Amino acid sequence: MTNVIPDIPRIYTALAEWMSCLIYISLLKKRLTGWKLITFSVCTLFIQSIFLVITRDLPIVFWIPCMIMAIGMMLFFIFFSCDITIFEAGYFSVRAFVAAELIASLEWQVHFFFWNAEKATLPMELLLLFAIYGVAFLFIWFLEKRQVPIDGKLNIRLHELWSTVVIGAAVFAMSNLSFITTRTPFSGQYAQEIFNIRTLVDLGGFAILYAYHIQLNELRVRHELKAVQNILQNQFVQYQQSKESIEMINFKYHDLKNQIIALKAEKDADKRNEFLTKMENDIKLYEAQNKTGNHVLDTLLTSKNMNCMKNGITLTCVADGTLLNFMDVVDICTIFGNALDNAIEYEQKIADKEKRLIHVSVFAQKGFLMIRIENYFEGELKLEGDLPVTTKKDTFNHGYGLKSIRYAVQKYGGVVSVDQKDHWFELKILIPLKNEKSDL
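Residues numbered from 1 in each chain as written. Predicted model: local features only at pLDDT ≥ 70, side-chain atom pairs only at ≥ 80, totals over all residues. Heavy atoms only, no water.

Student: Describe in detail helix H5 (residues 122–145), supporting the description with residues and values.
Tutor: Between its terminal C-alpha atoms H5 stretches 34 Å, which fits the 34 Å expected from 24 residues at 1.5 Å a residue. Within H5, the full set of buried residues consists of Glu 125, Leu 128, Leu 129, Ile 132, Tyr 133, Ala 136, Phe 137, Ile 140, Leu 143 and Glu 144. (Helix = DSSP H or I, 4+ residues; strand = E, 2+ residues; numbered from the N terminus. Expected span 1.5 Å × (residues − 1). Buried < 20%, exposed > 50% of the residue type's maximum accessible area, 1.4 Å probe, protein only.)

Student: Could you give an account of the state of the cysteines, with specific residues and numbers?
Tutor: Across all of its chains, the model carries 0 disulfides by this definition. Sulfur of Cys 82: no disulfide; nearest cysteine sulfur belongs to Cys 21 and is 9.4 Å away. (Disulfide = S-S within 2.5 Å.)

Student: Provide a residue-level description of the sheet that holds strand E7 (residues 424–432), including the pertinent values.
Tutor: Hydrogen bonding along the main chain pairs the strands of a sheet, whether they run parallel or antiparallel. Taken together, the 5 strands give an open sheet; going across it, the order is E1-E2-E3-E7-E6, and neighbouring strands pair in mixed fashion. With partners counted over all chains shown, the strands left at the sheet margins are strand E1 (314–319) and strand E6 (415–421), one partner each. Neighbour-to-neighbour, the strand axes of the sheet open up by a mean angle of 15°, direction not taken into account. The pairing of strand E2 (residues 357–365) with strand E3 (residues 368–376) spans 8 bridges and is antiparallel. Each residue of the ladder has a partner; that of His 359, found in E3, is Glu 374. Across the sheet, helix H10 (residues 295–310) is in contact with E1 and E2; its angle to E1 comes to roughly 165°. Seen against the sheet, helix H12 (residues 401–410) touches E6 and E7 and runs at an angle of roughly 20° to E7. (Pairing = 2+ DSSP bridges. Axes fitted to C-alpha atoms, helices over the stretch in contact; angles between N-to-C directions. Contact = heavy atoms within 4.5 Å.)

Student: Got a sec to walk through a nonpolar patch on the surface? Specific residues and values, please.
Tutor: Taken together, Ile 11, Phe 46, Ile 47, Ile 50, Val 53 and Ile 54 make up a surface patch of nonpolar side chains, about 570 Å² in accessible area. Per-element tally for the nonpolar patch: the top contributor is helix H2 (residues 34–54), with 5 residues. With respect to the helices, strands and loops of the structure, Ile 54 is situated in helix H2. Ile 54 sits in the exposed class, given a relative accessible area of 60%. (Patch = residues over 30% accessible without salt bridge, like charges linked within 9 Å, V, L, I, M, F, W, Y side chains within 5 Å. Areas by Shrake-Rupley, 256 points an atom, 1.4 Å probe, with all protein chains shown as cover. Salt bridge = Lys/Arg side-chain N within 4 Å of Asp/Glu carboxyl O.)

Interpretation in functional terms is not warranted from these geometric data alone.
Following this line, the structure appears as structure tokens:
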């Protein structure tokens, strides 16, 4: 690296990298909070500053390894401060590194413009440093805040991480090429020219990564919307299939019931009567006994109850189905279908069949429709935002059941909440009743 051109002081670079990490940490879901985060952040700044300063005069051959270690420290800082995956931490570390390179280069270029090779007074130098760093990083924070999901997670996958790494590496190589050698077609020959190349390449790299980030975010939202729509459609299809099956079962039930009545009228032996009585009791298991006042809810409850009986789960219900008459059929299927599917799936994991319990309540209270679906729960409830964490390994393609419920409820101005009380998981839905039946 040439000695004619004054390079960015390493302490300035360390500060830029540290502040850039803080920008993304502030927007992501935290693992550390309060004094733990403050202490960890201060220690990280101290270590990174010491490392960059003591490696300042190493031969050029050690420059790239030192930069890789610096990025590794940024990765460590972001990963252990935030509740994210290592892929997500790597993704944001590369973006933070490019942002830090841009801001540090911009500040030093302005510094060189005003003072050239002359020594500036310390107060003026610090004033320029904090002014440019403060305004630039605040601007980046506002840009990034609009593109980071509320839960602070993007579900970054390996190929998306590698794409970001390749872009970041290319930007770093091109922006610093002139500081390594001026004997290439892409290198600058003069100080101001070299500073312009570095700053503009870093700016272009940051813009490319930001555009890529927006694209990933849009793809994530599109994928989530498609998944929710598929769930909505699947629940409606299940309802239609269940309705047809239950109608056939009820028809068969009434047919057999009449046969049993006729057989009982005959003078037969006691054992035959006992057999017929048992047969009648068995058949009653398949009668649509849920009479809530809403045929959609009745069909869903009967269908899910059959599934429960197959898996040794007790499903109880106290519901005024007439309160749901203002809702669309698809929305009723979405809310109750997904909620009961989730509850049944969890209860199947409970070893003790006596504890496999699900309870459904639908009632009006103070002008609101209350829907409460509870199931026996063992363990500790973990939340991402206001929804439980999916237990599936493939988080990219799962975890949309409750999101689809919230989507359907929000159409009616309602809210969804989840809670754990003692050994019960509770899904509570609150929807305002306008001119509908309500218990005032």
